[in-house]
Amino acid sequence: QQQVKQSPQSLIVQKGGISIINCAYENTAFDYFPWYQQFPGKGPALLIAIRPDVSEKKEGRFTISFNKSAKQFSLHIMDSQPGDSATYFCAARAVSGGYNKLIFGAGTRLAVHP
Amino acid sequence: NAGVTQTPKFQVLKTGQSMTLQCAQDMNHNSMYWYRQDPGMGLRLIYYSASEGTTDKGEVPNGYNVSRLNKREFSLRLESAAPSQTSVYFCASGGHGVDNSPLHFGNGTRLTVT
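Predicted, not measured: the structure shown is a model, and the values here were computed from it.

Rules and cut-offs
Residue numbering note: each chain is counted from 1, following its sequence as written. Chain letters and ligand numbers both follow the written order, the letters beginning at A and the numbers at 1. For a predicted model such as this one, the threshold for reporting local features is a pLDDT of at least 70, and the threshold for listing and counting side-chain atom pairs is 80 or more; totals across whole chains, interfaces and linings nevertheless cover every residue. Hydrogens and water molecules were not included; the side-chain quantities draw on all heavy atoms of the structure. A helix here means a DSSP run of H or I that spans at least four residues, while a strand means a run of E at least two residues long, and both kinds are numbered starting from the N terminus. For a compact globule the rule gives 2.2 Å times the number of residues to the power 0.38, and the radius of gyration it is set against comes from C-alpha atoms. Any residue under 20% of the maximum accessible area for its type is buried, any over 50% is exposed, and the rest in between are partly exposed; the area is computed with a 1.4 Å probe on protein chains only. For this analysis, residues touch if any pair of their heavy atoms sits within 4.5 Å. A pair of strands counts as paired when DSSP detects no fewer than two bridges linking them. The quantity reported as buried area is the accessible area (1.4 Å probe) lost by two parts once they are put together, taken as the sum for both. The term salt bridge refers to a side-chain nitrogen of Lys or Arg lying within 4 Å of a carboxyl oxygen of Asp or Glu. Counting of polar contacts relies on pairs of N or O atoms within 3.5 Å, with two restrictions inside protein: one atom must be capable of donating a hydrogen and the other of accepting it, and residues adjacent in sequence are counted only when both atoms are side-chain atoms. Polar here means any residue other than Ala, Val, Leu, Ile, Met, Phe, Trp, Tyr, Cys and Pro, which are nonpolar, and Asp, Glu, Lys and Arg, which are charged; Gly is therefore polar. In summary, the pairing rule links any two rings of Phe, Tyr or Trp, Trp by its six-membered ring, whose centres are within 6.5 Å, and it sorts them by plane angle into stacked for under 30 degrees, edge-to-face for over 60 and tilted for everything else. Lines fitted to C-alpha atoms define the axes here, with helix axes fitted over just the stretch in contact, and angles between the N-to-C directions of these axes take values from 0 to 180 degrees.

K.L.:
Which residues make up the overall build of chain B, and what are the values?
P.N.:
Along its length, chain B carries zero helices and eleven strands. Taken over C-alpha atoms, the radius of gyration comes to 13 Å for chain B, in line with the 13 Å a tight globule of 114 residues would show. Dimensions along the principal axes, computed over C-alpha positions, put chain B at roughly 40 × 30 × 25 Å. In chain B, buried positions account for 48% of the 114 residues. A fraction of 53% describes how many contacts in chain B between residues 6 or more apart in sequence connect residues 24 or more apart.

K.L.:
So what about the pairing of strand β9 (residues 87–94) of chain B? Which residues, and what values?
P.N.:
Residues and elements named next belong to chain B. With eight of eight residues buried, β9 is to be regarded as a mostly interior element. Alternating positions in β9 separate into two faces, S87, Y89, C91 and S93 on one and V88, F90, A92 and G94 on the other, with burial throughout. Where strand β4 (residues 32–38) meets β9, six bridges bridge the pair, whose relative direction is antiparallel. By the bridge assignment for β9, Y35 is matched with F90. The pairing of β9 with strand β11 (residues 109–113) spans three bridges and is classified as antiparallel.

K.L.:
Can you break down the interface of chain A and chain B residue by residue, with the values?
P.N.:
With 19 residues of chain A at the interface, the matching set in chain B holds 20 residues. Buried surface at the junction of chain A and chain B, both sides included, amounts to about 1,700 Å², of which 57% is carbon and sulfur. If you look at where chain A meets chain B, you find zero salt bridges. Counting every contact that joins chain A to chain B gives four residue pairs in polar contact (both at pLDDT 80 or more). Ranked by residue count, the leading element in the side of chain A that touches chain B is strand β10 (residues 99–104) of chain A, at four residues. Its residues assigned to classes, the side of chain A that touches chain B shows ten nonpolar, six polar and three charged.

K.L.:
Go over the packing of aromatic side chains, please, and point to the residues and values.
P.N.:
All names here are of chain A. Per the stated rule, a full pass over the model turns up 18 aromatic pairs over all chains. With a centroid separation of 5.8 Å and 70° between ring planes, the pair formed by W35 and F73 is classed as edge-to-face. Taken together, the residues span a long stretch of sequence, with W35 in strand β4 (residues 33–38) and F73 in strand β8 (residues 72–77) at a distance of 38 residues. As far as the burial class goes, W35 and F73 line up, both buried. Ring centres of F89 and F104 lie 6.4 Å apart, and the angle between their planes is 90°; on these two criteria the pair is classed as edge-to-face.

K.L.:
If you had to explain the pairing of strand β1 (residues 4–7) of chain A to someone new, which residues and values would you point to?
P.N.:
Residues and elements named next belong to chain A. Burial along β1 is one-sided: the residues V4 and Q6 are buried and none of K5 and S7 is. Note: β1 against strand β3 (residues 19–25), four bridges, orientation antiparallel. If you follow S7 over to β3, its bridge partner there is N22.

K.L.:
Explain the sheet that holds strand β6 (residues 56–59) of chain A residue by residue, including any values.
P.N.:
Whenever strands of a sheet pair, they do so through backbone hydrogen bonds, lying parallel or antiparallel. Residues and elements named next belong to chain A. Reading across from one edge, β1-β3-β8-β7-β6 is the order of the five strands in this open sheet, with antiparallel pairing throughout. Taken across any chain shown, the strands that pair with only one partner, and hence form the sheet edges, are β1 and β6. Put simply, the sheet's adjacent strands are angled 15° from each other on average, direction ignored. Alignment of β3 against β8, held across six bridges, turns out to be antiparallel. By the bridge assignment for β8, I21 is matched with L75.

K.L.:
Account for the side chain of S80 of chain A, with residues named and values stated.
P.N.:
Topologically, S80 of chain A is positioned in the loop between β8 and β9 (86–96). When residues no more than four places from it in sequence are discounted, the contact partners of S80 of chain A are V13, Q14, K15, G16, G17, I18, S19, R61 and V112 of chain A.

K.L.:
With reference to specific residues and values, describe the sheet that holds strand β3 (residues 19–25) of chain B.
P.N.:
Residues and elements named next belong to chain B. Strand order in the open sheet formed by four strands is β1-β3-β8-β7, with antiparallel pairing between adjacent strands. One side of each edge strand has no neighbouring strand; the edge strands of this open sheet are β1 (4–7) and β7 (64–68). The mean angle between the axes of side-by-side strands here comes to 15°, regardless of whether they run parallel or antiparallel. As judged from the three bridges shared by β3 and strand β8 (residues 74–78), these two strands associate in the antiparallel manner. Note on β8: the bridge partner recorded for M19 is L78.

Here it is, written out as structure tokens:
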């Protein structure tokens, strides 16, 4: 059972375009929603994160939009660059037994073509 | 500043062989984790350790054992490797606690079981 559903599985965008990756969740106990970026041969690294009491968070070209009522959130990459080509994972945090548990989506492989 | 260090980077095993994946972190984090990454399935938690001396099962613990040797080191052992354990294994520390500090991942161990 996938608690965090991520789409699309892969995405091709032209340089300068907007990349959009979507995630949906069911568990209303999730209280924090990070996005991780992973380059080939490397481990994932935190890109940007949002709490559910905020509808949008922007850091440079990266924006998270959060819709609490729909239980959906998305990552927008403005002016996409070839260096943004990577795999992106959304995640959601829940506290279970005193432990902060991260549930990851299946990932989106983004390719930005010059 | 090494962060999270995993060894080995690559390993090929035959079915039934055993091995231990090593992980060490130098960030003084209490929590450490082992994930596996498979195409289309994202990152799935195998085991975690909320603090030195404690370990707990994650989503996919079958076929694995762990040891939290001290605060720095958390190892993952495959007692009798199976082809289904072919995957990329990531160790992480930290974990979005009350201060929302991120998970820090190592660069992974790519394991093939033939």
